[in-house]
Amino acid sequence: MNLNKHALSKLFISETAIMLFLVFLAVGCGKNYEAFNTDPTRLTSLSPDDVKGLFPNTLYRGMYATEDAQGDYQYSQGMFADLYSQYFATSATFDQTDRYVIVQDWVQNQWYATYIAAMPGLLTILKETGKPESITLNAIARIWKVFVLHRTTDYFGPIPYSKIGLDSAAIAYDDQKDIYYDFFKQLSQAATDLQNNISNPSYGTQDIIFNGDNTRWLKFANTLRLRLALRISNVAPDKARQEAEAAITAGVMTDVSQDAYLSVSALNINGFNRQAGWNEFRMSAAMESVLKGYNDPRLPKYFKPALATGEYAGARNGMNPAEIALPQNDYDHTSDVSEYLAPDNMTTTPMTVMHSAEAYFLRAEAALNGWEADGTPQALYEKGIEMALKSWKITDPLQISNYINSTTVPMAPGGYFSTPAMTDIPVKFSTDPQNQREQIITQKWLCLYPDGHEAWAEARRTNYPKLYARLHSDNPDLSNDKMIRRIPFVNFDRDKNGPAVKKAEKLLKGPDNIATSLWWDVH
Amino acid sequence: MDLTGIFLFCLSLGVAAKTFSQTVTLSVKNASVQQVFELVKEQTHYSVFYEKDLLTGAKTITAKVRNMPLQQFLSMTLAEQDFTYYVEQETIFLKRKPISAMTKTGKMQEAEVFVPTVKGLVTGVDGKPLTDVNVVVKGSGKGTTTDAEGSFSIEVNTDQILVFSSIGFLSQEVAVSSSTMQVILAGETKSLNEVIVTALGIPKAVKSLTYTAQNVKGDQLNEAKEVNIINSLQGKVAGVTVTRNADGPGGDTKVLIRGNRSITGNNDPLYVIDGVPLTGSVGMLNSDDVESMTVLKGASAASLYGSQGQNGAIIITTKRGKEGALTGNYVGGLSFDKATLLPDLQYEYGQGDAGIYAPNSEHSWGPKAEGQMVTLWNGKTVPLKGQSDNLRDFFRTGSNLTNSVSVTGGNEKMRTYFSYANVRAQGIMRNNDLIRHNVDLKIDNAISSKLTCFIKMTYIYEEVNNRVIPGDAGTYALPSIFRSPTSIPLREMENYAYTDSNARERQNYWKPNSSVLLNPFWALNRITYYQQKDRLLGLFSAKYAMAEGIAIQVRGSIDKTFQRTNHKVYADNYFSLVGSDYDYGSTINTGVNMDALLSFRRDLSRQINLSGDVGASMQESTYSGVAGNANGLNKQNFFFMNNARNPFINEYSGRTPRVQSLYGTVTVAYRNYLYLDVTARNDWSSALPKGSQSYFYPSVGFTGVISDMFRLPLWINYGKVRATFANSGYGGNEYLDRNYYQVGAGGVIITPTIQSLGTYKPELTSSFETGVEGRLFNNRVSINVVYYNTKTKNQLLLIGAPPASTFNQKYINAGLIRNRGVEVVAGVMAVKIAHFSWNIDLNYSKNYNKVLQLTADVKSAILVNSDLAQIKAVEGNSFGDIYAKGWQLDDQGRKLVDDAGNPIFTKGNDVLAGNYNPNYMMGINNLLEFNSFSLGFLIDYRNGGYIIAGTQALIDADGHSRQSLQGRENGITLDAYTVDGKKNEQTISAQKYWSDRGGRYPVGSLYAYSATNVRLRELILGYIIPAKALGKQRIIKGAKVSFVGRNVFFFKNNAPIDPEITRGVGGGGLEYAALPSTRNLGVNLKCTF
């Protein structure tokens, strides 16, 4: 080959110079790469104020409320606990959850809200508030963490608890007993920490439940401890009594002024009111039987008359699509929620977290158990009713005492299914201890409305109120006449945390289905 | 039908053809034509055919040639005759020249050489006139192009030289020696010497390519027009899958080249326009401006594009100004769309449930519809009858009207191309329409003999009303019409609103306040979306020829899109709790590219040429916008942000990674038959963690033109082998190296849901590709076979994290995916006889995908999680497996039912229902030409793959589907067993059975349909309007009219939907209340003036 050497050398001289220029061009401006790769619209680190700023979202998401159109609340609670507590029946033909079919695509939102929305903020707060000067912040975050997770464990039983936040391919579940025992530890310690630093400033306006009032958080923590103590009273009576008495001594809620409400706004709307907008929830026959039978002054506070008839009417739980589609059962012939709980007020009606009335009903039950509850069962029961009515702005003393002394009993809704009365107990406190227990829990059920989460848990524990059998079950694991005992583990976690879920199945008392009871559930 | 059969048949036809490489040696003076042909016949054994009177008055021939190829000899000797020739099957046919050419020639006889106008005819070797050939007077900048008849006329002096050139043909210089001339451009070697634009805009001879690049001419793409030009690629390029999003005119399109390579990342190819990567959507471009599209397949072809080119690249070259007199083009098209493959409904049973008529029911489980009188929800009494025209009448006939005008002209110093186009399209949804205007100006300017520059300005305006959003989102019109009871007359639905006693507008629906559906007409008119875009594309490039063989080019481009949107929801709507609601958005997206490229070409010796390019580039994009949400309006149905009840404004901005690169390529050619191609590129991406922002990847390719190296049998005209190894890298998206906290509405701090990776490596794709190409039997058969093997590792996978880790998803840097495949591109000139030809082109591609590895402890990743099914990547399987709920089976594989006879289905997505990717795909394109008529049709075959038909599940559950007729009267006794192993004897109602398996959360595996289908994708009947029909007017020089059909019909399709149309651009395999596929028929007119 005869290479043209001259041409080649000339080529290399001129081109090398240009190449060097290009190298300079390319590499020279690579200095500010970190600035290029920093998102200007988000934060990479948190100031102490930002740490407090994490709190509202954990409160809000812990109550399954979202600002987006889908709404965790309906998927987490409305479609499940609110139907199983028989506050509501569904008027949507496609909603099979009322017939015990667990739609995984829905219930996974509860898991999401807990672990991906509420927990990260709480864990970050706990990590950032380890110093003595921020101990009140830390204690309040611990209390809220127990509140959020007690609802989750009461759905599923074993859940990831001690290993939350671990960066691992599989995160183990804890036994429900261990979780409950740790709840008590956390609550008593947090209450002590809070008591000892009660005058320290906490979250201030970022606390959208108590607006920075440490004393109210303290009472809330003790009431929650009392709630959890009674929950385990059938399975661990000694521990239950010990925790309950300690909580009562430390000071539980005693007045409606201490009630816990999550305040809402245009940006953080009320999840319950929002779900009412889908027009899929109607007063249940159980609610109809009791509220109408008792001539309960809360009836118009809770519901409104049916559109087509102007009458209050309930719907049976577990109707099949054809039954729902019948005119007499459809949503125009049954009662929707009241205006106060309807979408028009979703930016103003606060979400109920806990009522002081519940504390009285818990103490009444504790007294009935023979525990030290600072009052007789009857006195506490009647005070509970008074507080419950006051929570709904029913304050006329005569109206209250008339109700407390009323001897009318629940009515028979009749209708297409010839529904009988739900039970035969009146409001007036009975002399029979068995009836007394039913009365206490039935009144608590009325008072907890619309918190189906707590109502369903207590219905499983106590078998009260005596709810109707469902008309149909479409789930082969459980017949329609039996109460659903739990929600199966979510596919959402099976897909991403499979090995841990497999192991968790062994922590259950039976197969992973809706018929298996939780640890505390020995009905 | 076995489609390969056709191909083999054509192949055998091709074999019968004989080679055409005869030469002539003779010396004659003033011989008659007949005498000359006698000599030719003797020497070549070819026969000569002509009409009896044709040679009357023919001029005598004087010639002296030695071993001159026959065609050249014929061209030379017959140039000045009134007749021309073509050769077919060892026969020389003489035929009269086209009238226009002849009359011109005839008139010229007396004028002779001093008239400075030369007229002539340019044909291919087959005698067919060539249009749009550039005819330029050398050195003067003066030029013209040939018209539809192949004729041209130009003012020129006798001593000047005319240069004839056209894309794909060898240029030819001809000295002007008479006032008429016939020029034959070498056509048979056109593809061999064809130059295509490759990566970075570097033109290369097809012959020298070491990888696969398939070129499609603009004309081929435009003839059957699509509003989005990318859709026209379907079936024309091997290995390319085009999936249209079902969202009406101008919708987005997903293009996949050689399968999915990245698990959770981006599998879209890079679009490059005139050498510069495109930032915004390609679908908005004016298809008539496209000169050609080259598909660079695989990482090797696009290795010079680096990150962006990992999935292959589609290089779009647009038309530029041409030298010569002002010429213009007009293309107009009008076509109509009609919905096809509508859901298959039943019309035997009416509205209601459990066999009872109910005017408020949203189901068709009512009584047998036998014309009995019933009262509708609106109080009207009508006979209960299946309304079989409802669906058909709900969808209107869509129309697309396109107009495009372009003019070009200039001289050697400056050439201009200007075009304006508009599109007016109406979708088959009554509220969906699109208007688009495109203006394009391009100027090539030679500032000096060494410095040339090119400038391009494109402006696009687009307005879309109610782009169709399939499924449960959007207006909800599609689910509502599919799910309307089949006995409600459509005209009753059409009165979608009424005014209540408070003078408020209310929705007129059969189940007021339903949480399930809406009146479909209300949905069309009372939930609206509006989108408006202004887009500016600018490109500047300057090229300086520093010395012989060395040039430097600098380019800069910007692509800026301003978009405004609004979304109006009227009061009394299922979606809006707060009465009416309003959203608006305003965004600006800007993409900037800059690059410099130094090119050199040197002959190192007479046998070795060296050419290469060295370059550097920088690119980045920014985005910013505001989105306002009214959260309810104070005055109802008054859509204005000042009227917002709780306005919330969200502002966002960001930038994509800045990627800076240095790259180079060197090609060494030995005797123009051996080529070695080496490329190297280094990228610096700002997305990567600090300290590891740089990554390097090389490629090496080799090509040998065997037919030039060795003496091959005569029937092999051309043969080439090649192989390439290439690497390509990808630095990932922006902002992945840290966890960010978001400041949400009201100033609250929100934790991240995706866990970032502190440090990671760039994704790396390595590919090997080898192929052979050949042209056989006198170039009548061409074949191109490719095998490739691509592996992608270090993928930035976004996988599901255990929720209790407090993250929903996390990034990992792992995974290994392999794509292996074969592509065959073949062409056959099946028939070529007088006045008639039939060309067949075939594309075949098969891709095997395997997920070799995810991570050490993750064996399966969910790609798409929907109500219908999950799409997963499972180690050891193929990307895109569909897992869904299925029938619970016992140990013996028998279906299970409960004691009441109800089916028992699995509770999770645990049944493999199939994979959505096709086994193989094939396109057969036929072009038949008969004189001025042409007929083209493209048959498209997709074999394999599955799709979950969600619409079918909905209409089954509601009792609207034909399928749901089963068991209406006597119930359904499922052929199944109970958990205890007893044969089922219980009967359940049809409504129970179908609503259990169907609905919004269906048993997905029962709705998995094979996506195998064969369709007539394209049908084009073209007619070149003869010059005489255009009359004496001089304005229109040529015209062609075509009747076109797209998506004409299916030869075979077993799915209840068009399997090509899926729920969204992102994922395949899932359909849910999608817009039906359409058949498009229309007419196009093309004029040159």
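Quick caveat: nothing in here was measured; it's all calculated off a predicted structure.

**Remarks on the overall build of chain A**
The helix and strand tally for chain A stands at 21 helices and 5 strands. If one aligns the C-alpha atoms of chain A with their principal axes, the spans along those axes are about 115 × 60 × 45 Å. The buried share of chain A, taken over its 523 residues, is 61%. Sequence separation of at least 24 residues holds for 75% of the intrachain contacts in chain A that already meet a minimum separation of 6. Distance from the positive charge centre (49 side chains) to the negative charge centre (59 side chains) of chain A: 4 Å.

**Description of the pattern of salt bridges**
Residues and elements named next belong to chain A. If you walk through the whole model with that rule in mind, you get 67 salt bridges over all chains. With a shortest N-O distance of 2.5 Å, Lys444 and Glu458 are connected by a salt bridge. With Lys444 in helix H19 (residues 433-448) and Glu458 in helix H20 (residues 452-462), this pair connects stretches of sequence that are 14 residues apart. For Glu458, a relative accessible area of 2% gives the class buried. Each of Asp154, Arg227, Arg231, Glu358, Glu365, Arg437, Lys444, Glu454, Glu458 and Arg461 takes part in salt bridges that share partners, so that together they form one network.

**Structural notes on the sheet that holds strand E6 (residues 117-124) of chain B**
Strand pairing in a sheet is mediated by backbone hydrogen bonds. Such pairs are either parallel or antiparallel. Residues and elements named next belong to chain B. The strand order across the open sheet formed by 3 strands is E9-E6-E12, and the pairing between neighbours is mixed. The open sheet has two edge strands, strand E9 (151-155) and strand E12 (180-185), and neither has a second partner. Averaged over all neighbouring strand pairs, the angle between strand axes comes to 30 degrees, with direction disregarded. Bridging between E6 and E12 involves 6 bridges; their strand directions are parallel. Residue pairing across strands places Thr123 opposite Ile184, the latter belonging to E12.

**A look at the sheet that holds strand E11 (residues 172-175) of chain B**
Residue and element names in this part refer to chain B. Spatially, 4 strands are ordered E8-E7-E10-E11 in an open sheet, and the strand pairing comes out antiparallel. In the strand order of this sheet, the two ends are held by strand E8 (143-145) and E11, each with one partner. Averaged over all pairs of adjacent strands, the angle between strand axes in this sheet comes to 20 degrees, irrespective of strand direction. Taken together, the 4 bridges between strand E10 (residues 161-165) and E11 define a ladder with antiparallel strand orientation. Paired with Ile161 across the strands is Ala175, a residue of E11.

**Notes on the confidence of the model for chain B**
Residues and elements named next belong to chain B. For chain B, the mean per-residue pLDDT works out to 83, and 90% of the residues sit at or above 70. Low pLDDT (under 50) marks residues 1-21, which in the prediction has 30 contacts with non-local residues, meaning those over four places away or in another chain. Every residue in residues 99-115 is under pLDDT 50, and counting partners more than four places away or in other chains gives 21 contacts. Across the interface, the model reports ipTM at 0.91; the global pTM reads 0.80.

**Some words on the side chain of Asn808 of chain B**
Topologically, Asn808 of chain B is positioned in the loop between strand E46 (781-800) and strand E47 (809-833). In terms of polar contacts, Asn808 of chain B uses its side chain to reach the side chain of Lys496 of chain A, at 2.5 Å. In this structure Asn808 of chain B touches Tyr112, Ile116, Phe492 and Lys496 of chain A together with Thr753, Ile799, Gly800 and Ala801 of chain B, once residues within four positions along its chain are discounted.

**Quick notes on the interface of chain A and chain B**
Each partner contributes to the interface: chain A provides 88 residues, whereas chain B provides 81 residues. Approximately 7,300 Å² of surface area, both sides summed, lies buried where chain A meets chain B, with 61% of it carried by carbon and sulfur atoms. Looking at the side of chain A facing chain B, the largest losses of area belong to Tyr33, Phe36 and Asn37 of chain A, adding up to 11% of the total buried there. Scanning the region where chain A abuts chain B turns up 4 salt bridges.

Conventions used here
Residues numbered from 1 in each chain as written. Chains lettered and ligands numbered in written order. Predicted model: local features only at pLDDT ≥ 70, side-chain atom pairs only at ≥ 80, totals over all residues. Heavy atoms only, no water. Helix = DSSP H or I, 4+ residues; strand = E, 2+ residues; numbered from the N terminus. Buried < 20%, exposed > 50% of the residue type's maximum accessible area, 1.4 Å probe, protein only. Contact = heavy atoms within 4.5 Å. Lys, Arg positive; Asp, Glu negative; His and termini not counted. Charge placed at Lys NZ, Arg CZ, Asp CG, Glu CD. Salt bridge = Lys/Arg side-chain N within 4 Å of Asp/Glu carboxyl O. Pairing = 2+ DSSP bridges. Axes fitted to C-alpha atoms, helices over the stretch in contact; angles between N-to-C directions. pLDDT = per-residue confidence, 0-100. Polar contact = N/O pair within 3.5 Å; in protein donor to acceptor, adjacent residues only side chain to side chain. Buried area = accessible area lost by both parts, 1.4 Å probe.

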